[in-house]
Amino acid sequence: DGGITQSPKYLFRKEGQNVTLSCEQNLNHDAMYWYRQDPGQGLRLIYYSQIVNDFQKGDIAEGYSVSREKKESFPLTVTSAQKNPTAFYLCASTSGRGIGEAFFGQGTRLTVV
Amino acid sequence: RKEVEQDPGPFNVPEGATVAFNCTYSNSASQSFFWYRQDCRKEPKLLMSVYSSGNEDGRFTAQLNRASQYISLLIRDSKLSDSATYLCVVKGEDSSYKLIFGSGTRLLVRP
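Residues numbered from 1 in each chain as written. Chains lettered and ligands numbered in written order. Predicted model: local features only at pLDDT ≥ 70, side-chain atom pairs only at ≥ 80, totals over all residues. Heavy atoms only, no water.

## Focus on the nonpolar core
With 42 residues, the main nonpolar core has Y33(A), Y35(A), F104(A) and W35(B) as its most contacted residues. In terms of residue count, the dominant contributor to this core is strand β9 (residues 84-91) of chain B (six residues). Core analysis: the next-biggest nonpolar cluster, separate from the first, contains 20 residues, V19(A), A61(A), V78(A) and C91(A) among them. (Core = buried A, V, L, I, M, F, W, Y, C linked by side-chain atoms within 4.5 Å. Buried < 20%, exposed > 50% of the residue type's maximum accessible area, 1.4 Å probe, protein only. Helix = DSSP H or I, 4+ residues; strand = E, 2+ residues; numbered from the N terminus.)

## With respect to a nonpolar patch on the surface
A cluster of nonpolar side chains, namely Y10(A), F12(A) and V113(A), defines an oily patch on the protein surface of about 360 Å² accessible area. The partly exposed category is assigned to Y10(A), whose relative accessible area is 47%. (Patch = residues over 30% accessible without salt bridge, like charges linked within 9 Å, V, L, I, M, F, W, Y side chains within 5 Å. Areas by Shrake-Rupley, 256 points an atom, 1.4 Å probe, with all protein chains shown as cover. Salt bridge = Lys/Arg side-chain N within 4 Å of Asp/Glu carboxyl O.)

## Some points on the sheet that holds strand β8 (residues 76-78) of chain A
All names here are of chain A. An order of β1-β3-β8-β7 is seen for the four strands of this open sheet, with the pairing classed as antiparallel. One side of each edge strand has no neighbouring strand; the edge strands of this open sheet are β1 (4-7) and β7 (64-66). Strand-to-strand twist across the sheet, computed as the mean angle between neighbouring axes with direction ignored, equals 20°. In terms of strand pairing, strand β3 (residues 19-25) meets β8 through three bridges, oriented antiparallel. When the bridges of β8 are listed, V19 appears paired with V78. (Pairing = 2+ DSSP bridges. Axes fitted to C-alpha atoms, helices over the stretch in contact; angles between N-to-C directions.)

## A short note on the packing of aromatic side chains
Considering all chains together, one arrives at 13 aromatic pairs over all chains under this definition. Pairing Y33(A) with Y35(A) gives two aromatic rings, centres 6.1 Å apart and planes at 20°, and the pair type is stacked. Judged by its relative accessible area of 0%, Y33(A) falls in the buried class. Using a relative accessible area of 1% as the deciding quantity, one classes Y35(A) as buried. Among the aromatic residues, those joined into a cluster by ring pairs are Y33(A), Y35(A), Y48(A), F104(A), F34(B), Y36(B) and F101(B). Geometry around F74(A) places R68(A) over its ring, the cationic atom sitting 6.0 Å from the centre. Positioned above the aromatic ring of F88(A), the side-chain terminus of R109(A) is 4.0 Å from the ring centre. (Phe/Tyr/Trp six-rings, centres within 6.5 Å; stacked < 30°, edge-to-face > 60°. Lys NZ or Arg CZ within 6 Å of the ring centre and 35° of its normal.)

## Re the layout of surface pockets
Its boundaries defined by the atoms lining it, the largest pocket holds a volume of some 630 Å³. Considering the residues around the largest pocket, the lining is formed by 25 residues, among which Q37(A), D38(A), P39(A), G40(A) and Q41(A) are closest to the centre. Secondary structure elements with two or more residues in the lining of the largest pocket: β9 (87-94) and β11 (108-112) of chain A together with β9 and β11 (105-110) of chain B. Among the residues making up the lining of the largest pocket, the classes are represented as eight nonpolar, 11 polar and six charged. In this structure, the second largest pocket spans a volume of roughly 380 Å³. (1 Å grid on protein atoms, 1.4 Å probe; cavity = no way out; pocket = protein on both sides within 12 Å on 5 of 7 lines; lining within 4 Å. Points joined across faces, edges and corners; volume = space filled by probe spheres on them. Nonpolar A, V, L, I, M, F, W, Y, C, P; charged D, E, K, R; others polar.)

## Brief notes about the environment of L80(B)
Residues and elements named next belong to chain B. Locating L80 in the fold gives a position in the loop between β8 (70-75) and β9. The class for L80 is partly exposed, based on a relative accessible area of 40%. Sequence spacing of L80 and L99 is 19 residues, and the spatial spacing of their C-alpha atoms is 29 Å. For L80, the residues in contact, after removing those within four places along its chain, are E15, V109, R110 and P111. (Contact = heavy atoms within 4.5 Å.)

## Some points on the interface of chain B and chain A
In many reports, interface size means the accessible area that the parts give up when they come together. Taken together, the 22 residues of chain B in the interface contact 24 residues of chain A. Taking both sides of the interface into account, the surface hidden between chain B and chain A amounts to around 2,000 Å²; carbon and sulfur atoms contribute 55%. On the surface where chain B and chain A come into contact, there are one salt bridge. We note a salt bridge from D59(A) to K98(B), for which the minimum N-O separation is 3.7 Å. (Buried area = accessible area lost by both parts, 1.4 Å probe.)

Below you can see the structure in the form of structure tokens.
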């Protein structure tokens, strides 16, 4: 079945460590997105990518980095520069310039310990 | 001003009630609009797209008002299972793939 897969589902990080969240899709979608959601809040855009080897900052990109070396994969690295990384991270993908439905992975809950 | 704004609620309504949510957007060049539903601690899922002519899907009706830059969602005959957070989503101008989510409106349907 086609879909979008995020891993791991839960992740614990020590302060000062970088961690990488995985996002893979087999929908042949061009665009991929990373959002952050804090409790009781909406989704805030971290980064998005329209095509391989290209990506743009969203509204809260500081402390995060991404890569898009393959169409299927859009990993997100949460760096030590992100001062408050504990949150729910959601990856999404769309086809056709984002005008179609956005499909989401099941999310990764990151906790700093 | 936020790009996409919603009343956070919660809207607390009895079963069978009709409830409406609005969402305003700031970019007049925005091209596509959607309503998503998100259950607690789950990923958002598409409820319906919003077309210029308005569209209806069962008990749900979505409308777009470009002049006033808002979209609306009407839920008739509310069910307990409608309890969720409803997210408004706006795509930027035609050349942009950027998808912006509102902060969501929480709906609680009580017996």
